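Per-entry structural report
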Amino acid sequence: MTAADQELHFADAGEAADLAAFLARLIHYDRAAAVRLQAGGGVLAVFGRPPSFEVLAIRTARLEAIIGTDATTAGASGPGALDTTVSAGELGDALDTARAGRTADGPEVRDRGLVVTVPQAVTGPPWAGVLPPRGGWRRVSGLPGVDEVHGAVAAAVAEFRARDAELPEERRTRAERDRIGHEIWSRTLGDTGLPLRAVHAAQSLGFLRPVRAAAPAASATGAGSGVATATPGPTAEPLALLAAGGWLRLRTPYGSIAVRTSGLSGLSVTPA
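Fair warning: this is a prediction, and the values are worked out from it, not measured in the lab. (Residues numbered from 1 in each chain as written. Predicted model: local features only at pLDDT ≥ 70, side-chain atom pairs only at ≥ 80, totals over all residues. Heavy atoms only, no water.)

Some words on the overall build of the protein chain
When you go through the protein chain residue by residue, the secondary structure sums to six helices and 11 strands. The buried share of the protein chain, reckoned over its 272 residues, is 46%. Partitioning the intrachain contacts of the protein chain with sequence separation of at least 6 by distance along the chain shows that 66% fall at a separation of at least 24. Within the structure as shown, the protein chain displays about 12,600 Å² of accessible surface, and the carbon and sulfur contribution to it stands at 51%. (Helix = DSSP H or I, 4+ residues; strand = E, 2+ residues; numbered from the N terminus. Buried < 20%, exposed > 50% of the residue type's maximum accessible area, 1.4 Å probe, protein only. Contact = heavy atoms within 4.5 Å. Areas by Shrake-Rupley, 256 points an atom, 1.4 Å probe, with all protein chains shown as cover.)

Shown next as structure tokens:
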């Protein structure tokens, strides 16, 4: 049985819409983007890698069911599980098609689930074979508040633009701009060890927007590293920084950004 024989039954159409927006942002950075899907325990986790940031971005959504799944051939453990890599564009198109089919429905079904066919699997890029660990995450101390995080990104963007504008014409090349960008975005956020590029990615992918009022949702612990809540509630934690197995993960109510790191032994961590 192939992934394309399977259907994802989303528990909430709003979460499916948020996932479609996430995919659109990935495609903005790479029209040929692929995403790895892992599902189980009632949650779908979608992993992508926007090339400009050198990070993994993760978005989740709750599922009511996965229909037509053979857990063995899907390569994932547990009943109703799914693990496959697909085209981000094809998955986005499938979500858009399913959402368009609901336009004639009345308001009484507006917040009900959505049924989406899983696209055919594709050959995954190298990053798709190296995902963050499923468990063992510990909270890292020292993460600044939301306003400070936004301020750090804004200051870095302003510095890049100023230094770019100061370049003489003969040095205004892609290589020189890449060098400046790498220098700026490799800096860490405060004393956390989290590179600024991870925070910039979170902002660019819409993960740092204000939390909307919504009913609390199940976490994604059962599907790919417990990466985030599928839909944030009004009391959702704005930001948290976690560490596990050589990875750092910035968790927000709308998704997570994960980066491979080294030298984590010096970080102060507490149970997540």
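Details of the pattern of salt bridges
Per the stated rule, a full pass over the model turns up 16 salt bridges. Two residues, Arg163 and Glu159, come together in a salt bridge whose shortest N-O distance is 3.1 Å. Here the residue Arg163 and the residue Glu159 both occupy positions in helix 4 (residues 146-166), the gap between them amounting to four residues, near one helical turn. On the basis of relative accessible area, Glu159 is assigned to the partly exposed category, the value being 24%. Salt bridges sharing partners connect three or more residues here, namely Glu159, Arg163, Arg171, Glu176, Arg179, Glu183 and Arg187. (Salt bridge = Lys/Arg side-chain N within 4 Å of Asp/Glu carboxyl O.)

Quick word on the pairing of strand 5 (residues 82-87)
Within a regular strand, the side chains alternate between the two sheet faces. Of all six residues that make up strand 5, six are buried, and the element is covered over most of its length. Of the pairings in the sheet, the one linking strand 2 (residues 34-40) to strand 5 comprises six bridges and is antiparallel in character. Bridge assignment links Gln38 to a residue of strand 5, and that residue is Asp83. (Pairing = 2+ DSSP bridges.)

Remarks on the packing of aromatic side chains
The geometry of an aromatic ring pair comes down to the distance between the two centres and the angle between the two planes. Counted by the stated rule, this structure contains two aromatic pairs. Between Tyr29 and Phe53, the ring centres sit 5.3 Å apart and the planes meet at 80 degrees, which makes this aromatic pair edge-to-face. Taken as a pair, Tyr29 in helix 1 (residues 13-29) and Phe53 in the loop between strand 3 (43-48) and strand 4 (56-67) lie far apart in primary sequence, 24 residues in all. In this structure, Arg249 packs its charged tip against the face of Trp137, placed 4.3 Å from the ring centre. (Phe/Tyr/Trp six-rings, centres within 6.5 Å; stacked < 30°, edge-to-face > 60°. Lys NZ or Arg CZ within 6 Å of the ring centre and 35° of its normal.)

Some remarks on helix 6 (residues 196-204)
Think of an α-helix as turning once every 3.6 residues; residues three or four places apart then point the same way. Most of helix 6 sits out of view: seven of its nine residues are buried. Every buried residue of helix 6 is accounted for by Leu196, Arg197, Ala198, Val199, His200, Ala201 and Ala202. Looking at the buried positions of helix 6, the neighbouring elements they touch are helix 4, helix 5 (174-185), strand 9 (247-252) and strand 10 (255-260). Gly206 occupies a position one or two residues after helix 6 and carries a positive phi of about 85 degrees.

Some remarks on the pairing of strand 8 (residues 240-244)
Among the five residues that make up strand 8, five are buried, leaving the element largely enclosed by the rest of the structure. Neither face of strand 8 is open: one carries Ala240, Leu242 and Ala244, the other Leu241 and Ala243, and all of them are buried. Summarising the sheet, strand 7 (residues 138-140) and strand 8 pair through two bridges and their orientation is antiparallel. Counted as the bridge partner of Arg138 is Ala243 from strand 8. Pairing of strand 8 with strand 9, which is carried by five bridges, proceeds in the antiparallel orientation.

Observations regarding the packing of helix 4 against helix 5
Interhelical geometry of helix 4 versus helix 5 gives an angle of 155 degrees and a closest axis separation of 10 Å. The angle between helix 4 and helix 5 places the two elements in the roughly antiparallel class. Crossing of helix 4 against helix 5: the hand is right-handed. Residues Val153, Ala156, Val157, Glu159, Phe160, Arg163 and Asp164 of helix 4 pack against Arg177, Arg179, Ile180, Gly181, Glu183, Ile184 and Trp185 of helix 5. Class assignment for the residues of the contact of helix 4 with helix 5 results in seven nonpolar, one polar and six charged. (Axes fitted to C-alpha atoms, helices over the stretch in contact; angles between N-to-C directions. Parallel < 35°, antiparallel > 145°, perpendicular 65-115°, else oblique. Left-handed = near helix turned anticlockwise from the far one by under 90°. Nonpolar A, V, L, I, M, F, W, Y, C, P; charged D, E, K, R; others polar.)

A closer look at the confidence of the model for the protein chain
For the protein chain, per-residue confidence averages 82 on the pLDDT scale, and residues scoring 70 or more make up 77% of the total. Low pLDDT, under 50, characterises residues 71-80; the predicted model gives this stretch 15 contacts beyond four residues in sequence or across chains. Overall, residues 214-229 carries pLDDT values under 50, and its contacts beyond four positions in sequence, including any with other chains, amount to 55 contacts. (pLDDT = per-residue confidence, 0-100.)

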